[in-house]
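Now for the letters of each chain:
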Amino acid sequence: MKLPIAKGNKRALLVEGGGMKGAFAGGVLHGLNSVLTAKNFDLVVGVSSGACSAAYYVTMDKPEPEKSKNALSVWYKELSGRQLISLFHPLRGKTFLDQEYLIDFIFREKVRLESENFETNGLPEFRIAVSNLQSHSIEYVKATTSNVFDLLKAATSLPIATRGKHKLEGVTYSDAAILNPLPLQDLIEAGYKDITVVMNSPMERVSEPLGFLTGLLAFPRNWKLSKLMREFHHHHFNDARRIAKEPPAGVKIHTIAPDDSLPVGLVTTIGQKLKETVDLGVQKGEDAARFLFEMFFPKGKSEKGKRSSRKKDSTRAGKGKHPSPNKSSVKSKLSPAPKKTSKKAVSSKKK
């Protein structure tokens, strides 16, 4: 399943994963929700743990501080300690990362994901990126009330930590990050010209190739997939950051990323560090929301006319009713559009 093709100036939001580093993205989306709800995007795409945070964000059509805060607290309350990740889980017949606890208990019951709100009241389409283990390619499956929980299990099927795969409608999927942790290029090729990217590590970070042993442990019975993971994971990670810094002509990319390495890593479960990471994300998100609001809706546009004026959106930043943001929190890049726009001008070659 490919991304929906964009017609006109469509806005997309891409949320990176990274295991427990997704706590930063959760904080960013909470900060955005205070000013810039999901209704301001035409498409939201989540990768790995980024899909978990994005799933809550796309269910709120207006700022809902308490509901958003409750969802955000999952990161440092429900996922800390040995509740989600533990070396002792296999002794109880579980995987190191307990997806049943995360999806079936937390998302379905304790902090219920209101999936019935998907695409209602002007909310955008929500696509979750997954790796198709049969075709060895990335797919973008549309999240619905009926499939979202199985889809989130597929998206969070991190090799080694989990079974590494989950079936959905007869197809076996895994975490998209094994092949492409940040599919920014795919959004550009689908025609999106205004993209906001939430990264869970600094833009300057460079990923090294995964080692042979990591690939072997991840897919011991599938050498081809193991090789593909070692070839493509770091390539797409680094390439997306290069594109964010130097977007193709006519494409605007707004990047929200931490300034330094986060207090947490892929499997950190210390509550205090997770809370610190969440707070960093919230601050970045709040600052970015005000900046993006001014970018999306320059001075003079009425509340009523915001949605109808999307196609005529200007790149001019105005002085709206919100206080001036810390612009270092979001780095926007716009390459000048050529006189004649063509598909080649809007997308770069696949590598």
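Cut-offs and rules
Residues numbered from 1 in each chain as written. Predicted model: local features only at pLDDT ≥ 70, side-chain atom pairs only at ≥ 80, totals over all residues. Heavy atoms only, no water. Helix = DSSP H or I, 4+ residues; strand = E, 2+ residues; numbered from the N terminus. Buried < 20%, exposed > 50% of the residue type's maximum accessible area, 1.4 Å probe, protein only. Contact = heavy atoms within 4.5 Å. Areas by Shrake-Rupley, 256 points an atom, 1.4 Å probe, with all protein chains shown as cover. Axes fitted to C-alpha atoms, helices over the stretch in contact; angles between N-to-C directions. Parallel < 35°, antiparallel > 145°, perpendicular 65-115°, else oblique. Left-handed = near helix turned anticlockwise from the far one by under 90°. Nonpolar A, V, L, I, M, F, W, Y, C, P; charged D, E, K, R; others polar. Core = buried A, V, L, I, M, F, W, Y, C linked by side-chain atoms within 4.5 Å. Salt bridge = Lys/Arg side-chain N within 4 Å of Asp/Glu carboxyl O. Pairing = 2+ DSSP bridges.

Considering the overall build of the protein
Here comes step 1: Scanning the protein from N- to C-terminus turns up 11 helices and 9 strands.
Here comes step 2: Looking at the 351 residues of the protein, the share that counts as buried comes to 57%.
Here comes step 3: Across the protein, the fraction of contacts at a sequence separation of at least 24, relative to all contacts at a separation of at least 6, is 76%.
Here comes step 4: Here the protein displays about 16100 Å² of accessible surface, and carbon together with sulfur accounts for 53% of that area.

Describing the environment of Val 47
Here comes step 1: Looking at the secondary structure, you find Val 47 in strand 2 (residues 43-47).
Here comes step 2: Val 47 sits 30 residues away from Gly 17 along the chain, and the two C-alpha atoms are 5.3 Å apart.

Re the packing of helix 1 (residues 22-33) against helix 2 (residues 49-57)
Helix-helix packing is characterised by the crossing angle of the two axes and by the distance between the axes.
Here comes step 1: One can describe the packing of helix 1 onto helix 2 by two numbers: an axis separation of 8 Å at closest approach and a directional angle of 20°. Relative to helix 2, the element helix 1 is oriented roughly parallel. The interaxial crossing formed by helix 1 with helix 2 has right-handed handedness. Packed against helix 1, whose contacting residues are Gly 22, Ala 25, Gly 26, Leu 29, Leu 32 and Asn 33, the element helix 2 presents Ser 49, Ser 53, Ala 54 and Tyr 57 at the interface.
Here comes step 2: In the contact of helix 1 with helix 2, the residues fall into 5 nonpolar, 5 polar and no charged.

Some words on the nonpolar core
Here comes step 1: Core analysis: the biggest nonpolar cluster contains 69 residues, and Leu 32, Phe 107, Phe 126, Ile 128 and Leu 152 have the highest contact counts within it.
Here comes step 2: Core analysis: the second largest hydrophobic core is formed by 35 residues, Leu 3, Leu 133, Ile 138 and Met 199 among them.

Here we look at the packing of helix 5 (residues 99-110) against helix 6 (residues 148-155)
Here comes step 1: With their axes 10 Å apart at the nearest point, helix 5 and helix 6 run at an angle of 145° to one another. Here the hand of the crossing between helix 5 and helix 6 comes out right-handed. On helix 6, the residues that touch Gln 99, Glu 100, Ile 103, Asp 104, Phe 107 and Arg 108 of helix 5 are Phe 149, Leu 152 and Lys 153.
Here comes step 2: Broken down by class, the residue content of the contact of helix 5 with helix 6 amounts to 4 nonpolar, 1 polar and 4 charged.

Thoughts on the pattern of salt bridges
Here comes step 1: For the coordinates displayed, the defined rule picks out 16 salt bridges.
Here comes step 2: For the salt bridge of Glu 64 with Lys 67, the shortest nitrogen-to-oxygen distance reads 3.0 Å.
Here comes step 3: Exposure remark for Lys 67: the relative accessible area of 31% places this residue in the partly exposed category.
Here comes step 4: Glu 114 is the partner of Lys 67 in a salt bridge, and the nearest nitrogen-oxygen pair spans 2.9 Å. Here Lys 67, found in helix 3 (residues 65-72), pairs with Glu 114, found in the loop between helix 5 and strand 3 (125-132); they are 47 residues apart in sequence, far enough to count as distant.

A short note on unusual backbone geometry
Here comes step 1: Positive phi values are uncommon outside glycine, yet Glu 119 reaches one of about 55°.
Here comes step 2: Following the sequence through the fold, Glu 119 ends up in the loop between helix 5 and strand 3.
Here comes step 3: Positive phi, close to 50°, is recorded for Asn 121, a residue that is not glycine.
Here comes step 4: Mapping Asn 121 onto the fold places it in the loop between helix 5 and strand 3.
Here comes step 5: Take Asn 121: its relative accessible area is 54%, and that puts it in the exposed class.

A few points about the pairing of strand 7 (residues 194-198)
Here comes step 1: The buried fraction of strand 7 amounts to 5 of the 5 residues, a majority that puts the element mostly inside the structure.
Here comes step 2: Here strand 7 shows no split at all, with Asp 194, Thr 196 and Val 198 on one side and Ile 195 and Val 197 on the other all buried.
Here comes step 3: Pairing analysis gives 5 bridges linking strand 1 (residues 11-15) to strand 7, with the strands arranged parallel. In the strand pairing of strand 7, Leu 13 is matched with Thr 196.
Here comes step 4: Of the pairings in the sheet, the one linking strand 7 to strand 8 (residues 252-256) comprises 5 bridges and is parallel in character. Note on strand 8: the bridge partner recorded for Asp 194 is Lys 252.

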